[in-house]
Amino acid sequence: MRKLAWAARGMSVVSGAVLLGALMVPSAVADDGPGSAPDPNSAVSEQGRKCGARDVSSAAPDYVNFPSGVIFRVATDAQGHSFLNDSRNPGVWVNLGLLANAPRCVVDSAASVTESNPGILYITLLAQDGVLHEARCTSDNTPFTPANIVAACGTGFSPLPDTPVV
């Protein structure tokens, strides 16, 4: 029995080490595209503290003449950065910091899409200071990439007035 108890403890230690390693791995590398500007999202808040939270949200367009099975995903990392994935580009995560007025220290995200063609993808990000920021991006038959995200999202992010989150 002692050998079994020792083996069980050993497995717990190994499992814990593997889990810790998985949690410590940096988030996916986002493609900013050629010649992109430095990321305006900062890994440090205005007060010099780390910010952000890991979060993911998704939206799936379901309208005529749009490829079926497409999913838009918005993810945030523990450093407060935010990313968009278009399932038509597997593994490509577009840094949303490329968009004008992108919030810093993002702690939550939401995504939704209208049922028209072209559709409008709404990306809503909650900043650490409690202000919601929204971008409206035209979604059509062209997948989102670092090269076309700025044109697709027009003016970038705008703070939502009277955000009730504090």
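Scroll up to find the structure this text is about.
The paragraphs below set out a description of the structure included in this document. Treat the numbers as computed from the prediction; the structure is a model and nothing was measured.

Concerning the overall build of the protein
Along its length, the protein carries two helices and eight strands. Counting the 166 residues in the protein, one finds 34% classified as buried. Contacts spanning at least 24 positions in sequence make up 53% of the contacts within the protein whose residues lie at least 6 apart. For the protein, the accessible area works out to roughly 9,500 Å², and carbon and sulfur atoms hold 61% of it.

Thoughts on the sheet that holds strand β1 (residues 55–59)
Taken in spatial order, the four strands line up as β1-β2-β3-β4 in an open sheet, and their pairing is antiparallel. Lying at the two open borders of the sheet, with one neighbouring strand each, are β1 and β4 (93–95). Neighbouring strand axes in the sheet, compared pairwise and without regard to direction, differ in orientation by 25° on average. Relative to strand β3 (residues 82–86), strand β2 (residues 72–76) runs antiparallel, the two being bridged by five bridges. Directly across from Phe 72, in β3, lies its bridge partner Asp 86.

Examining the pairing of strand β5 (residues 106–113)
Inspection of the sheet shows β5 paired to strand β6 (residues 119–127) by seven bridges, in the antiparallel sense. By the bridge assignment for β6, Ala 111 is matched with Ile 123. Two successive antiparallel strands, β5 and β6, enclose a turn made up of five residues.

A look at the environment of Leu 96
Turning to its location among the elements, Leu 96 is positioned in the loop between β4 and β5. Given the relative accessible area of 0%, Leu 96 is considered buried. Between the alpha carbons of Leu 96 and Phe 83 there is a distance of 5.2 Å; along the sequence they are 13 residues apart. When residues no more than four places from it in sequence are discounted, the contact partners of Leu 96 are Val 74, Ser 82, Phe 83, Leu 84, Ala 102, Ile 123, Leu 125 and Phe 157.

What to know about the state of the cysteines
Inspection of the entire model under this criterion finds two disulfides. Through a disulfide, Cys 51 is tied to Cys 105; the S-S separation comes to 2.3 Å. With the S-S bond torsion at -75°, the cross-link from Cys 51 to Cys 105 turns out left-handed. Of this pair, Cys 51 sits in the loop between α1 (2–24) and β1 while Cys 105 sits in the loop between β4 and β5, and the two are 54 residues apart along the sequence.

Description of the nonpolar core
Counting 24 residues, the largest nonpolar core has Phe 72, Leu 84, Leu 96, Leu 121, Ile 123, Phe 144 and Phe 157 as the members making the most contacts within it. Elements with a minimum of two residues in this core: β2, β5, β6, β7 (132–139) and α2 (149–152).

So, the pairing of β2
Along a regular strand, successive side chains alternate from one face of the sheet to the other. Within β2, four of the five residues are buried, which leaves the element mostly enclosed by the surrounding structure. Hairpin geometry of β2 and β3 is characterised by an intervening segment of five residues between the two adjacent antiparallel strands and by a positive phi of about 90° at Gly 80.

So, the pattern of salt bridges
According to the stated counting rule, one finds two salt bridges in the structure shown. Residue Arg 88 is joined to Asp 86 by a salt bridge in which the shortest nitrogen-to-oxygen separation is 2.7 Å. With its nearest N and O atoms 3.2 Å apart, the salt bridge here joins Glu 134 to Arg 136.

Thresholds applied
- Residues numbered from 1 in each chain as written.
- Predicted model: local features only at pLDDT ≥ 70, side-chain atom pairs only at ≥ 80, totals over all residues.
- Heavy atoms only, no water.
- Helix = DSSP H or I, 4+ residues; strand = E, 2+ residues; numbered from the N terminus.
- Buried < 20%, exposed > 50% of the residue type's maximum accessible area, 1.4 Å probe, protein only.
- Contact = heavy atoms within 4.5 Å.
- Areas by Shrake-Rupley, 256 points an atom, 1.4 Å probe, with all protein chains shown as cover.
- Pairing = 2+ DSSP bridges.
- Axes fitted to C-alpha atoms, helices over the stretch in contact; angles between N-to-C directions.
- Disulfide = S-S within 2.5 Å.
- Core = buried A, V, L, I, M, F, W, Y, C linked by side-chain atoms within 4.5 Å.
- Salt bridge = Lys/Arg side-chain N within 4 Å of Asp/Glu carboxyl O.

Taken by themselves, the reported measurements are silent on function.
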